[in-house]
Structure formats: C-alpha cells, structure tokens
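Residue-level structure breakdown
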Amino acid sequence: MHNSQQALEQYQQQFGEGARLFFSPGRINLLGEHVDYNGGFVLPAAINKGIWFAIAVNNTNTAHFVAADVNESFSVELDDIKKQSGWQNYVLGILHILQKKKLVIGGFNCLFGGNVPQGAGLSSSAALEAGLVYALDKLFDLALTTQQMALIAQEAEHSFPGTKCGIMDMFASLHGKEGHCMLLDCNSLHYEYFPIVETEYELVLINSNVHHSLNDGQYNKRRQEAMEGLSFFQMINKNITSFRSVSPEVVTQFKDNLEEKVFDRCLYITQEIDRTKKAAEYLKANDLLEFGKLMYKTHKGLSELYEVSCGELDYLVMEAKMQYDVIGSRMMGGGFGGCTINLIAKNNRESVVSSIVTSYQRMYNIEPEVYLVETSNGTHEMV
Ligand code: GLA
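As a starting point, this report considers the structure included with it. (Residues numbered from 1 in each chain as written. Predicted model: local features only at pLDDT ≥ 70, side-chain atom pairs only at ≥ 80, totals over all residues. Heavy atoms only, no water.)

Most of strand 7 (residues 180–185) is tucked away, with six of its six residues classed as buried. Of the two faces of strand 7, the one carrying His180, Met182 and Leu184 and the one carrying Cys181, Leu183 and Asp185 are both buried. Pairing of strand 2 (residues 41–42) with strand 7 involves two bridges; the strand directions are antiparallel. What sits directly across from Val42, in strand 7, is Leu184. Pairing analysis gives five bridges linking strand 7 to strand 8 (residues 191–195), with the strands arranged antiparallel. From the neighbouring strand, His180 faces strand 8, where its bridge partner is Pro195. What sits between the antiparallel neighbours strand 7 and strand 8 is a turn of five residues, in which Leu189 has the positive phi angle 65 degrees. (Buried < 20%, exposed > 50% of the residue type's maximum accessible area, 1.4 Å probe, protein only. Helix = DSSP H or I, 4+ residues; strand = E, 2+ residues; numbered from the N terminus. Pairing = 2+ DSSP bridges.)

Below you can see the structure in the form of structure tokens.
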C-alpha cells in the first residue's frame, strides 16, 4: 500500500463509510543500537515509510482486522483475546494489554497496510502496534499520553509476539518530528529533538534483503546475556541499577570473572552508551565526519562483540568503508539482516551506491534495495 487513499478505498469496499485515517511511521536509528533495553541512549527518527490505518467503531463486541498488504483478515471477540501466530499477535497483543490495564474499548473495523519493508530493521511491527494503540485511544477516548502508548505497545510486543524489545521503536514511531532525530534516554524516557540539518552528506539505507525475525530467539538471548552481566556488576555494587553506571574500563577490569560471551556483550553495551553520548555532541556541533567514525565503530562492536550482524551486512559496510565518499556506515536495528545506514556525500551518491550494490549483488546474488531517508512526524490522525 502506498498512501492513505488506498487504505480508505479498501476499507470502504469491506466495511462501508465512516472510517478515520491514521499514519504510524517506521524508524531509523542514527546510533545507540541494542542499548535501549540496557539503560542507554538512542538517536532514532521517524521516517516517511509506515502504516496507514482506516478504522471505525462498529458498535459490536467484535474487532475485525484486514491486513491489506497480505490480503488476510480475521475477527476476534473482545472477551476472547488469545495469542495466535503471525501478524495477528501484534494487534491482539495491544488488545490484551489494554484489557489488562482495564482500558475499555468496544468493537471496531480496522484495515491497515503500508510501505515499510518487513524484516528490514525499520520497525514495521512497532509501527503497527503504535498505530493501533494510538487509533484506539482516539476512537474510545482513552486519554493516554504518547509515552503511555509506547509503553503499552512495548508490553504488547513482549506478551504476544514475545520479543523482549526495548522502548526505542514504538517511542520513535509515536514521538517523531519531521526534520529531526531525537536523543532518547531509555532510563528516564526524557527526550530532546535534534534537527537533521542539510549538509553535503545524506543518509542512505541499503536493505541487504536478508530478512530478519526478532522473535526467533537470538534477540531475547542477547537480552538475557546482558542481564546476566548486569547482575554480576550489581553483585559488586548494589547501587548499580543499569549499565549506565558501568564503564567499559570497569567491564575490562572484571574480564576474568565473566563468561566470555557475557564479557563481550557488556563491553559492547558500555562502549555504545558512551559512543551515543559522544555522537549526540558531534551532531549538535554538526561534525558529521566524527559522527561517521562512530558509526563504523558501532558496526564493529555489533558484529564482533554483540554478534548480531551477518556476513551480508558486514560485506555492505566493508564495501561502503572502501568508498572515499562514504563517511559512516553500520547495520541498523535488531540485526541478523535488514538495512545498513550510510552517510554518503550527496554529489557522488549515485555512483557510490551503485558500486556498493553491484558488488553486493555479485557476491550474494541478492538484489539490495536503496532508500533515501526522509523523516516524518510521529503517529497521527490524517485530516
Ligand atoms: C529492535 C528492538 C529495539 C532495539 C533494536 C536494537 O529494533 O525492537 O528495541 O533493541 O532492535 O537497537
């Protein structure tokens, strides 16, 4: 689906008149990867790819859903919400958490579809969850704040699809601001917008087209290893509440006390928390060259210490690094596939990207997709 009009027309064919229209964006993340659930900072921005919802109250006790892009539909009685499988869990998870919180909703018809590629690390699932909770809030006057919506969406993802994700994706989707990224403190949920200023460089996403699925266990495993590491440091110092108060030097000091993988994970997390703070300073000062160097360091950490990259992503970053006109590149999002994010000189972008893409195709026989980043406002009703 490519626009809200299509959502509206398809809704009308299925359910008739009277729908309200909402848009919920996907996100990019400039830096701060796998630290949202480790008490770090992240630098996400909502993008102009997302999900459109056409939705209206139906005065019954049934929720009807149509996933237009895959041409599938299902209905559920609101007093019989149970876990299923597939995309159904993303929407059912939201209904389940609303009920758990005694937030009363009635029946509704909802058709949704979008243009945010799935499994590309652009948070299509968070866009779906954030969009649904936002729309239901408006339909049933739940009076939730956008922060509460983000927390509900996160809890929904934990409960039904089962990925123990951090808060970044849903928060970014709900709080995006066109032309800006945000520095989000994932401990306090305090955030600050930074303008993405026009410079001679631009942000380009290259989709490896290796599709990742975060609920295949590896994501939760990383989270568990990180928690193991944190528990160790809390044993040493009970004032530690998150990795925010552990430095890479302290992690290194206790190398011999930690299991090898747990040490690697802790080292990456503490380094990435420091890097994101620095990155925000560079962004403020508009020093993209230094910012780009941190992107490469983050990639190395994600690949070698946190082990969430894959051969294809490493190859894309390696190819990017060989180009003089690329000043930063790294895998983005949960990993195991999806996109790299690249900072590329505008005046030479086309030839640089074409050279990376050609080389990748030759190597893997997979055609990557390229997206120029355009930021957008957060989840909103369309008028
Ligand atoms: C996924 C998760 C986020 C975050 C990123 C990695 O997108 O949903 O919470 O952990 O991976 O930074």
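There is more to say after this.
Our next topic: the packing of helix 6 (residues 218–236) against helix 8 (residues 260–284). Where helix 6 contacts helix 8, the two axes come as close as 9 Å, and the packing angle between them is 85 degrees. Of the possible angle classes, the one that applies to helix 6 and helix 8 is roughly perpendicular. Every residue of helix 8 that contacts helix 6 at Arg222, Glu225, Ala226, Glu228, Gly229 and Phe233 is listed here: Val262, Arg265, Cys266 and Ile269. (Axes fitted to C-alpha atoms, helices over the stretch in contact; angles between N-to-C directions. Parallel < 35°, antiparallel > 145°, perpendicular 65-115°, else oblique. Contact = heavy atoms within 4.5 Å.)

Our next topic: the sheet that holds strand 6 (residues 108–114). Pairing is mixed across the open sheet formed by six strands, whose spatial order is 5-4-6-3-1-13. Of all the strands in the sheet, the pair left with one neighbour each is strand 5 (72–77) and strand 13 (380–382). Across the sheet, the mean angle separating the axes of adjacent strands is 25 degrees when strand polarity is ignored. Relative to strand 6, strand 4 (residues 62–67) is paired through five bridges, and the arrangement is parallel. Following the sheet pairing, Ala67 is matched in strand 6 by Phe112. On top of the sheet, helix 3 (residues 124–139) reaches strand 1 (20–29), strand 3 (44–57), strand 4, strand 6 and strand 13; it is set at about 45 degrees to strand 3, its chief contact.

For the coordinates displayed, the defined rule picks out 18 aromatic pairs. Aromatic side chains Trp87 and Phe112 sit 5.6 Å apart centroid to centroid with 75 degrees between the ring planes, which places their arrangement in the edge-to-face category. Linking Trp87 in the loop between strand 5 and helix 2 (88–100) with Phe112 in strand 6, this pair joins segments that are 25 residues apart in sequence. Its relative accessible area of 7% is what places Phe112 among the buried residues. (Phe/Tyr/Trp six-rings, centres within 6.5 Å; stacked < 30°, edge-to-face > 60°.)

Here we take up the site of the ligand. Taken together, 13 residues sit near the ligand, with Glu33, His34, Asp36, Asp169 and Tyr219 positioned nearest. A distance of 2.6 Å is found between an oxygen atom of the ligand and a side-chain nitrogen or oxygen belonging to Tyr219. One nitrogen or oxygen atom from the main chain of Gly334 is found 3.3 Å from an oxygen atom belonging to the ligand. Starting from 300 Å² of accessible surface for the ligand in isolation, the protein chains cover 96%. (Near = heavy atom within 4 Å. Polar contact = N/O pair within 3.5 Å; in protein donor to acceptor, adjacent residues only side chain to side chain. Areas by Shrake-Rupley, 256 points an atom, 1.4 Å probe, with all protein chains shown as cover.)

Applying the stated rule across the entire model yields 19 salt bridges. Ionic pairing is found between Lys221 and Glu225, a salt bridge with its closest N-O pair at 3.8 Å. In this pair, Lys221 and Glu225 both sit in helix 6, four residues apart, roughly one turn of the helix. The exposure class of Lys221 is partly exposed, given its relative accessible area of 42%. The exposure class assigned to Glu225 is buried, which follows from its relative accessible area of 10%. With its nearest N and O atoms 3.0 Å apart, the salt bridge here joins Glu307 to Lys261. Residue Glu307 is found in the loop between helix 9 (288–305) and helix 10 (311–321), and its partner Lys261 is found in helix 8; the two are separated by 46 residues along the sequence. What makes Glu307 partly exposed here is its relative accessible area of 28%. Using a relative accessible area of 33% as the deciding quantity, one classes Lys261 as partly exposed. (Salt bridge = Lys/Arg side-chain N within 4 Å of Asp/Glu carboxyl O.)

What follows covers the side chain of Gln88. Within the fold, Gln88 resides in helix 2. In contact with Gln88, other than residues within four places in its own chain, are Glu72 and Phe74.

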